[in-house]
Amino acid sequence: MPATGSRRSALMDALREAIRSGRLAPGTRLPPYRALAADLGIARNTAADAYAELVAEGWLTARQGSGTTVAERAEPVPPTRARRSSRPPRPAHDLRQGQPDAAAFPRTAWLAAGRRALTAAPNEAFGPGDPQGRRELREVLADYLARARGVRTDPDRIVVCSGFAHALRLLFDGPRAVLPARTAGPLAVEGYGLAFHRGLLAAAGATTRPLPLDEHGARVGGLAEDPEIRTALLTPAHQFPTGGPLHPGRRAAVVDWARGRGGLVLEDDYDGEFRYDRQPVGALQGLDPERVVYLGTASKSLSPALRLGWMVLPDHLVDRVLAAKGEREAWASALDQLTLAEFIDSGGYDRHVRRMRRRYRDRRDRLVGALAEHAPHIEVTGIAAGLHAVLRLAPGTERSVLKAAAYRGLVLDGLADYRHPLLAAEAMPATDGLVVGYATPPDHAYPAALEALCAILPPPL
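Residues numbered from 1 in each chain as written. Predicted model: local features only at pLDDT ≥ 70, side-chain atom pairs only at ≥ 80, totals over all residues. Heavy atoms only, no water.

## Some remarks on the overall build of the protein
From N to C terminus, the protein includes 14 helices and 18 strands. Relative to the 2.2 N^0.38 estimate, which gives 23 Å for 461 residues, the radius of gyration of the protein is 30 Å and therefore markedly larger than a compact globule would have. Along the longest, intermediate and shortest principal axes, the C-alpha atoms of the protein span 95 × 55 × 45 Å. Within the protein, residue pairs in contact and separated by at least 24 positions form 74% of the contacts whose partners lie at least 6 positions apart. Surface summary for the protein: the accessible area is close to 22400 Å², and the carbon and sulfur share equals 51%. Side-chain charges in the protein split into 60 positive and 52 negative, and the spacing between the mean points of these groups amounts to 5 Å. (Helix = DSSP H or I, 4+ residues; strand = E, 2+ residues; numbered from the N terminus. Rg over C-alpha atoms; globule rule 2.2 N^0.38 Å. Contact = heavy atoms within 4.5 Å. Areas by Shrake-Rupley, 256 points an atom, 1.4 Å probe, with all protein chains shown as cover. Lys, Arg positive; Asp, Glu negative; His and termini not counted. Charge placed at Lys NZ, Arg CZ, Asp CG, Glu CD.)

Listed below in structure tokens is the structure:
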């Protein structure tokens, strides 16, 4: 039989719900607690206590000689109107770039790493966070980045952040910006890139000037021709989104430019670990750690849900970035940092990256095979690395193909969305194309996504 306290709580819940729904209207007189107790077969004190607590909460009103009534202000809650979600419906087929296969997140290994990390964590790890990031993570990152990406650094030159966008905001946005727009001058960016990043920089007051691209990456020779530019943002390992690494001669040239200009190169290494034709290209930062800011994240290798990234900084920028972050870590969870540190240190991260490299290479090969069978006239580029490919289309067909894709519930991007609005046609003619992310769908949905893709491609001219 339920305890007295449980009966009192059940009675209070029932009365509250009756008042909320309007079944007991304001001013309604309730039966005396003795009569209610007799009707319900409960102790008088239980009913009396329930009435007293609801009076104290404001649901009921009790006056000597007038009994207990529903309070006048206890209006029933109107039924909630169904809200229309501002989010678009889930697509039938998702081939958007920039997203790893969410189903492949290593849940078991991550959970085991988290348990080990929490067991070994010192007590101070559960206090206010260090804005530079947990020392445990910075130490394993220094070793891993040196081994896997050729980065030259030590833990004291690494600052943990919540992702690439957060790093850009620390560098360019806010009253403590490291490279404030009013003094840093215009920023050179690649002619094709994420509009989101350009918008973020524009909101911070930064002006961007596009560098044309060719088969060897950004044409960095133009940097020397513009004396106002002192900072360049590049994707040297795998140009985003057109594909291909920056040519060795241009890698050396951009570092020489930064040295001679007293400037900086911001290296976005967004998917540098996923190369399929050979070993990944080493980081540009290794050529000159004092002139290159290396920016990496776990978003593509593990999941964007982790919100973990890192900045490998020239020594003279570390204190300025930490001043921009503030006295306490406000973005990156210390517990996630400890788990990632353990995951890397135990070898779990390397095993996961190797497994995903094989899986994504298989996805890429299936995409190329499907196109060879059903649309052999379509040129596929940028497939040596990364998580997406670019399909070149005949001039003037991109928009109609995207409309056909939307009609079939297929979500993907057009190449025009990535073009810098100030990139002159004479410097680099516009090209129609599709940016196809082959990492996003789970395995069971990938064949149908490829079938839908091939169905919307235009026939040969």
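## Regarding unusual backbone geometry
In this chain, Phe240 is followed by Pro241 through a cis amide linkage whose omega measures 5°. Here Pro241 shows up in the loop between β10 (231–234) and α9 (248–261). Backbone geometry places Arg307, a non-glycine residue, at a positive phi of 55°. For Arg307, the location among the structural elements is in the loop between β12 (292–297) and β13 (309–312). Judged by relative accessible area, Arg307 falls into the partly exposed class, the value being 39%. (Buried < 20%, exposed > 50% of the residue type's maximum accessible area, 1.4 Å probe, protein only.)

## Focus: the sheet that holds strand β2 (residues 60–63)
The three strands are arranged β1-β3-β2 in an open sheet whose pairing can be described as antiparallel. Lying at the two open borders of the sheet, with one neighbouring strand each, are β1 (29–30) and β2. Across two bridges, β1 lies against strand β3 (residues 67–70) in antiparallel orientation. Bridge assignment links Arg29 to a residue of β3, and that residue is Thr69. In the packing of helix α3 (residues 44–57) onto the sheet, contacts are made with β1, β2 and β3, and the angle to β2 comes to roughly 110°. (Pairing = 2+ DSSP bridges. Axes fitted to C-alpha atoms, helices over the stretch in contact; angles between N-to-C directions.)

## Description of the side chain of Arg198
Structurally, Arg198 is set in helix α8 (residues 195–203). No salt bridge is formed by the buried Arg198; the nearest opposite charge belongs to Asp417, separated by 8.3 Å. A polar contact of 3.2 Å, which involves the side chain of Arg198, links it to the backbone oxygen of Tyr418. Setting aside chain neighbours within four positions, we find Arg198 in contact with Gly193, Asp417, Tyr418, Arg419, His420 and Pro421. (Salt bridge = Lys/Arg side-chain N within 4 Å of Asp/Glu carboxyl O. Polar contact = N/O pair within 3.5 Å; in protein donor to acceptor, adjacent residues only side chain to side chain.)

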